[in-house]
Amino acid sequence: MKALLAQLRIEITLTVRNGEQLLVNLFIPLGLLVFFSKVEVLNSDEADPVQFLSPAVLGLAVMSSSLVSLGISTGFERYYGVLKRLGATPLGRPRWVAAKFGSVLAIELAQWTVLIVAALLLGWTPDHGGWPMSAVAALLGTAAFGGLALLMAGTLGGMANLAATNGLFLALMVTGGMVVPFEEMPGALQAVAKLLPAAPLADVMIGSLRVGEQVHTGSWVTLATWAVATPILAAWRFTWE
Amino acid sequence: MSVVEVEHLAVRYGDLVAVDDASFSAEQGRITVLLGPNGAGKTSTIECLEGYRRPTAGTVRVCGVNPWSDRGALNRKVGIMLQDGGIYTAIRPLEAVRLFASYYDSPREPRALLDFVGLSHRTEVPFRSLSGGEQQRLNLALAIVGNPAVVFLDEPTAGVDVSGRQLIRELIRSLSADGVTVMLTTHDLTEVEALADRIVILDNGGVVADGTPDELLSANVSDFSFRAPTGLDVEALGALVGGSVTEPEPGRYVAGVAPTPAHVASVTNWLANHNVLIGDLQAGRQQLESVFLKLTAEREPGNTPTHGGHGRSGRGGRAGRRRRA
């Protein structure tokens, strides 16, 4: 327990200390939320964009922590031999994985706190009955993107992982209905994006937290499938050096 | 007691042979140095001992345990330094030592340990901003924070300046004095000279010599030289050491016997009794260097490698690091 808590503390400390991660985790979601709520640049049907953006950006925050932040930090730790070195200590894999996911969840909690306060100040009126469902979706999203992050970090070289993770994040953000409403994308793109983990996460977030919206059952199925599949794949393919 | 035992170890990466039929052991509380040129198989060997690699053939034991199959048990008893990297780039020394201390049941006190490795004034500097020597000393601190019985140090002074090396060597000697078994790799002869209780010379993946520095020198070196005032009685001196002593140029003498401590002592005692000042005794570094070069030089097929005290039958004609057809 002592080792797990110490490892968790260092994971959080190092994440907070890293400026780039702070940018990706906090300032990008917050900036998107504020900017697109106030400035009508998107040729959108939305009369009140903050009602759509707020739950969508909560989904985006989950993705930024569990995919980008986790993936890039783990990739560089692998590149610099940190993971190899930890392999020769009594820490062990289960506690290392637990500390990694624990730190991601802690960062997400901080992100959500800031983003929810900002959204409320911008005039968001959430469907309060949807909070438990959105929390479950956040956990599933964390597992799905976290698995994907570790799969890439544990198989690619340092720089290749950096590029691939950032690229994937951008593609998922744009096609995931997190900035542009999903229904406003071309039909073919929608069909593909629906099968990826980002769009289902955004759909569950918006469906549960936006007044008058429903979650598509298909989104739960897709999200849960990814949440099971990518951690298994990561555990299978991950190498420590 | 042997804490580390390596028997007929082979490591192959696909067709590449890194280690081929290497056998040696390391005694408790002693500093054993794996010496060899780059690519000799030192890191592959030590990574088998650390549990990172599964031997392709042969067996390795550390504290009586198989490091590959029983690594969990061994990780509590063993401290390591990787050849490079291994530490979070943004972590600070005190954080790092506290973190690693949390992994072990009865660790050293973090601040006292940083003091021991001379980093107590650098506790809050990010790892990436430390000098090469400071980084290696932090690495060493993390290797010993759990009070290990054995430490494996892969080139502990690589990339460190001269005074930094001295410091690291002193730390390693004090570990050994505390009863810790130390095994380190190096291609640096001054490191061997400064530290080794026992030398295992690896070349092309095989052990070409194994013994104490004294054994290796006496087995492989047949003379030593010194400077003294010209005109000494070389006959009497030769009779004393049991070999010929000559003066090939004025003031320089060559004793035609191995530079064992006994031989060297008898010469210096004789000179002292005759009230003669001795200078520039050539029996150390230069000699080790020549032994090393002789042993690691390209060997013709059929040649038998020379062994020291623990010499075992040579395997002539090994081509070492080679492609298998």
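The structure this text deals with has already been given above.
Here's what I pulled together on the structure shown here.

Thresholds applied
Residues numbered from 1 in each chain as written. Chains lettered and ligands numbered in written order. Predicted model: local features only at pLDDT ≥ 70, side-chain atom pairs only at ≥ 80, totals over all residues. Heavy atoms only, no water. Salt bridge = Lys/Arg side-chain N within 4 Å of Asp/Glu carboxyl O. Helix = DSSP H or I, 4+ residues; strand = E, 2+ residues; numbered from the N terminus. Buried < 20%, exposed > 50% of the residue type's maximum accessible area, 1.4 Å probe, protein only. Pairing = 2+ DSSP bridges. Contact = heavy atoms within 4.5 Å. Buried area = accessible area lost by both parts, 1.4 Å probe. Polar contact = N/O pair within 3.5 Å; in protein donor to acceptor, adjacent residues only side chain to side chain. Nonpolar A, V, L, I, M, F, W, Y, C, P; charged D, E, K, R; others polar. Axes fitted to C-alpha atoms, helices over the stretch in contact; angles between N-to-C directions. Parallel < 35°, antiparallel > 145°, perpendicular 65-115°, else oblique. Left-handed = near helix turned anticlockwise from the far one by under 90°. Patch = residues over 30% accessible without salt bridge, like charges linked within 9 Å, V, L, I, M, F, W, Y side chains within 5 Å. Areas by Shrake-Rupley, 256 points an atom, 1.4 Å probe, with all protein chains shown as cover.

**Looking at the pattern of salt bridges**
Pairing is possible between side chains that carry opposite charge, provided their charged atoms lie close to one another.
Residues and elements named next belong to chain B.
Phase 1: On inspection of all chains with the given rule, the structure shows 13 salt bridges over all chains.
Phase 2: Glu-249 serves as the salt-bridge partner of Arg-227, at 4.0 Å between the closest nitrogen and oxygen. Placement of Arg-227 in strand 10 (residues 224–227) and of Glu-249 in strand 11 (residues 245–249) is noted, with a sequence separation of 22 residues between them.
Phase 3: Classification of Arg-227 as partly exposed rests on a relative accessible area of 35%.
Phase 4: In this structure, the salt-bridge partner of Glu-249 is Arg-252, at a minimum N-O distance of 3.3 Å.
Phase 5: Taken together, the shared-partner salt bridges in this structure form one network comprising Arg-165, Arg-169, Asp-188 and Glu-191.

**Re the pairing of strand 2 (residues 16–27) of chain B**
One face of the sheet, then the other: side chains in a regular strand alternate in exactly this way.
All names here are of chain B.
Phase 1: When you tally the buried positions in strand 2, you get nine out of twelve residues, the bulk of the element.
Phase 2: Sheet topology note: the strand 1 (residues 2–13)/strand 2 ladder contains eight bridges and is antiparallel. From the neighbouring strand, Arg-12 faces strand 2, where its bridge partner is Val-17.
Phase 3: The antiparallel hairpin formed by strand 1 and strand 2 contains two residues in its connecting segment, where Gly-14 sits at a positive phi of about 60 degrees.

**Some remarks on the interface of chain A and chain B**
Phase 1: Across the contact, 22 residues belong to chain A and 27 residues belong to chain B.
Phase 2: Together chain A and chain B conceal approximately 2,200 Å² of surface at their shared face, both sides included; 59% is due to carbon and sulfur atoms.
Phase 3: When the buried area of chain A at its contact with chain B is split by residue, Arg17(A), Arg85(A) and Pro90(A) rank highest and sum to 31% of it.
Phase 4: One can count two salt bridges joining chain A with chain B.
Phase 5: For the salt bridge of Lys84(A) with Glu47(B), the shortest nitrogen-to-oxygen distance reads 2.5 Å.
Phase 6: At the junction of chain A with chain B, the criterion picks out 13 residue pairs in polar contact (both at pLDDT 80 or more).
Phase 7: For the side of chain A that touches chain B, the secondary structure elements donating two or more residues are helix 1 (2–17) and helix 4 (82–86) of chain A.
Phase 8: Per-element tally for the side of chain A that touches chain B: the top contributor is helix 1 of chain A, with nine residues.
Phase 9: The residue makeup of the side of chain A that touches chain B, split by class, is ten nonpolar, five polar and seven charged.

**Things to note about the packing of helix 3 (residues 49–79) of chain A against helix 6 (residues 131–153) of chain A**
Each pair of packed helices gets described by two things: the angle between the helix axes and the distance between those axes.
Residue and element names in this part refer to chain A.
Phase 1: Relative orientation of the contacting elements helix 3 and helix 6 amounts to 25 degrees, with a least axis distance of 8 Å. One finds that helix 3 runs roughly parallel with respect to helix 6. Between helix 3 and helix 6 lies a crossing whose hand is right-handed. Listed contacts from helix 6 to Leu-58, Val-62, Met-63, Ser-66, Leu-67, Leu-70, Gly-71, Thr-74, Gly-75 and Arg-78 of helix 3 are Trp-131, Ala-138, Gly-141, Thr-142, Phe-145, Gly-146, Leu-148, Ala-149, Leu-150, Met-152 and Ala-153.
Phase 2: Classifying every residue of the contact of helix 3 with helix 6 gives 13 nonpolar, seven polar and one charged.

**Points about the sheet that holds strand 4 (residues 57–62) of chain B**
All names here are of chain B.
Phase 1: Taken together, the three strands give an open sheet; going across it, the order is 2-1-4, and neighbouring strands pair in antiparallel fashion. Strands with a single pairing partner mark the edges of an open sheet, and in this sheet they are strand 2 and strand 4. On average, adjacent strands in this sheet sit at an angle of 15 degrees to one another, irrespective of strand direction.
Phase 2: Lying on the sheet, helix 1 (residues 42–49) is in contact with strand 1, strand 2 and strand 4; it crosses strand 1 at an angle near 120 degrees.

**A short note on the environment of Phe100(B)**
Phase 1: Position of Phe100(B) relative to the elements: it lies in helix 3 (residues 93–102).
Phase 2: Sequence separation between Phe100(B) and Val11(B) is 89 residues, and the spatial gap between their C-alpha atoms is 30 Å.
Phase 3: Discounting residues that sit within four places of it in the chain, Phe100(B) has contacts with Arg85(A), Leu86(A), Thr89(A), Leu142(B) and Val145(B).

**What about a nonpolar patch on the surface?**
Residues and elements named next belong to chain A.
Phase 1: Judged by side-chain polarity, Val-16, Leu-22, Leu-23, Phe-27 and Ile-28 come together as a nonpolar surface patch covering roughly 410 Å² of accessible area.
Phase 2: On the secondary structure map, Leu-23 appears in helix 2 (residues 19–38).
Phase 3: Here Leu-23 falls in the partly exposed class, since its relative accessible area comes to 45%.

**What to know about unusual backbone geometry**
Residue and element names in this part refer to chain B.
Phase 1: In this structure, Cys-63 takes a positive phi of about 55 degrees despite not being glycine.
Phase 2: Its place among the elements puts Cys-63 in the loop between strand 4 and helix 2 (71–74).
Phase 3: For Asn-147, which is not a glycine, the phi torsion comes out positive at approximately 50 degrees.
Phase 4: Mapped onto the elements of the fold, Asn-147 is located in the loop between helix 5 (132–144) and strand 6 (150–154).

**Brief notes about the sheet that holds strand 6 of chain B**
Residues and elements named next belong to chain B.
Phase 1: Taken in spatial order, the six strands make up an open sheet running 5-6-7-3-8-9, and their pairing is mixed. Edge positions in the sheet fall to strand 5 (78–81) and strand 9 (206–211), since each has one partner strand and no second. Strand after strand, the sheet turns through a mean of 15 degrees between neighbouring axes, direction not considered.
Phase 2: Of the pairings in the sheet, the one linking strand 3 (residues 31–35) to strand 7 (residues 181–186) comprises five bridges and is parallel in character. Paired with Val-33 across the two strands is Leu-184, which belongs to strand 7.
Phase 3: Along the sheet, helix 6 (residues 162–177) contacts strand 3, strand 6 and strand 7; its crossing angle with strand 7, the most-contacted strand, is approximately 150 degrees.

**Regarding the environment of Ala198(A)**
Residues and elements named next belong to chain A.
Phase 1: Among the structural elements, Ala-198 can be located in helix 9 (residues 198–209).
Phase 2: With 101 residues separating them in the primary sequence, Ala-198 and Val-97 have C-alpha atoms 23 Å apart.
Phase 3: Every residue in contact with Ala-198, bar those within four places of it in the chain, is listed here: Met-63, Phe-145, Leu-172, Gly-176 and Met-178.

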